Amino acid sequence: MIAVGMLDRKVTLFQKEVEVDTSYGGSSNITFTQIDETIFAHLVWKGGKVDEQGNQMQNNQIIEFYVRNGGAMASASVEDYILYDSKKYFIDSINVTDGRKKYLKITTTNVQV
């Protein structure tokens, strides 16, 4: 159970926006927009792994963010990312943790090349 006092880390949500060129053969422009809402979270470090992809070593750090369900977090999706401690954590999954839908558990990955 998460208590309100445990939500002690300030995080920022960035939502993905896709601008599509409607002309034939047009390209898409993908940007991320910062949400202007203060979001506090409880962090649980789940470890990570070192992997090789495309002849490059990658360090994947997995963190679970517990946040209140509502406001900007109600519209968060797996295409968005969370900025915490100047690092981008891309959202892998979003789950409701409390029986009253009070909190969300957001599982994220930070990839460092």
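The paragraphs below set out a description of the structure included in this document. All values derive from a computational prediction rather than experimental measurement. (Residues numbered from 1 in each chain as written. Predicted model: local features only at pLDDT ≥ 70, side-chain atom pairs only at ≥ 80, totals over all residues. Heavy atoms only, no water.)

Quick look at the pattern of salt bridges
- A complete count under the given rule lists two salt bridges for this structure.
- Here Arg-9 and Asp-8 are joined by a salt bridge, their closest N and O atoms 3.6 Å apart.
- The closest approach of N and O atoms between Lys-105 and Glu-64, which form a salt bridge, is 3.9 Å. On the criterion of sequence distance, the pair formed by Lys-105 in strand E7 (residues 103-112) and Glu-64 in strand E4 (residues 56-68) is long-range, its members being 41 residues apart.
- For Glu-64, a relative accessible area of 10% gives the class buried. (Salt bridge = Lys/Arg side-chain N within 4 Å of Asp/Glu carboxyl O. Helix = DSSP H or I, 4+ residues; strand = E, 2+ residues; numbered from the N terminus. Buried < 20%, exposed > 50% of the residue type's maximum accessible area, 1.4 Å probe, protein only.)

A word on the nonpolar core
- Counting 18 residues, the largest nonpolar core has Leu-13, Phe-65, Met-73 and Ile-106 as its most contacted members.
- For this core, the elements supplying multiple residues, two or more each, are strand E1 (9-20), strand E3 (39-53), E4, strand E5 (81-84), strand E6 (87-96) and E7.
- If we ignore the near neighbours within four places in the chain, the residues touching Leu-13 are Thr-33, Gln-34, Ile-35, Ile-39, Ala-72, Met-73, Ala-76, Asp-80, Tyr-81, Ile-82 and Ile-91. (Core = buried A, V, L, I, M, F, W, Y, C linked by side-chain atoms within 4.5 Å. Contact = heavy atoms within 4.5 Å.)

Digging into a nonpolar patch on the surface
- On the surface, Val-18, Val-20, Ile-30, Phe-32 and Phe-90 cluster together to form a nonpolar patch covering roughly 440 Å² of accessible area.
- In this fold, Phe-90 is placed in strand E6.
- The exposure class of Phe-90 is partly exposed, given its relative accessible area of 40%. (Patch = residues over 30% accessible without salt bridge, like charges linked within 9 Å, V, L, I, M, F, W, Y side chains within 5 Å. Areas by Shrake-Rupley, 256 points an atom, 1.4 Å probe, with all protein chains shown as cover.)

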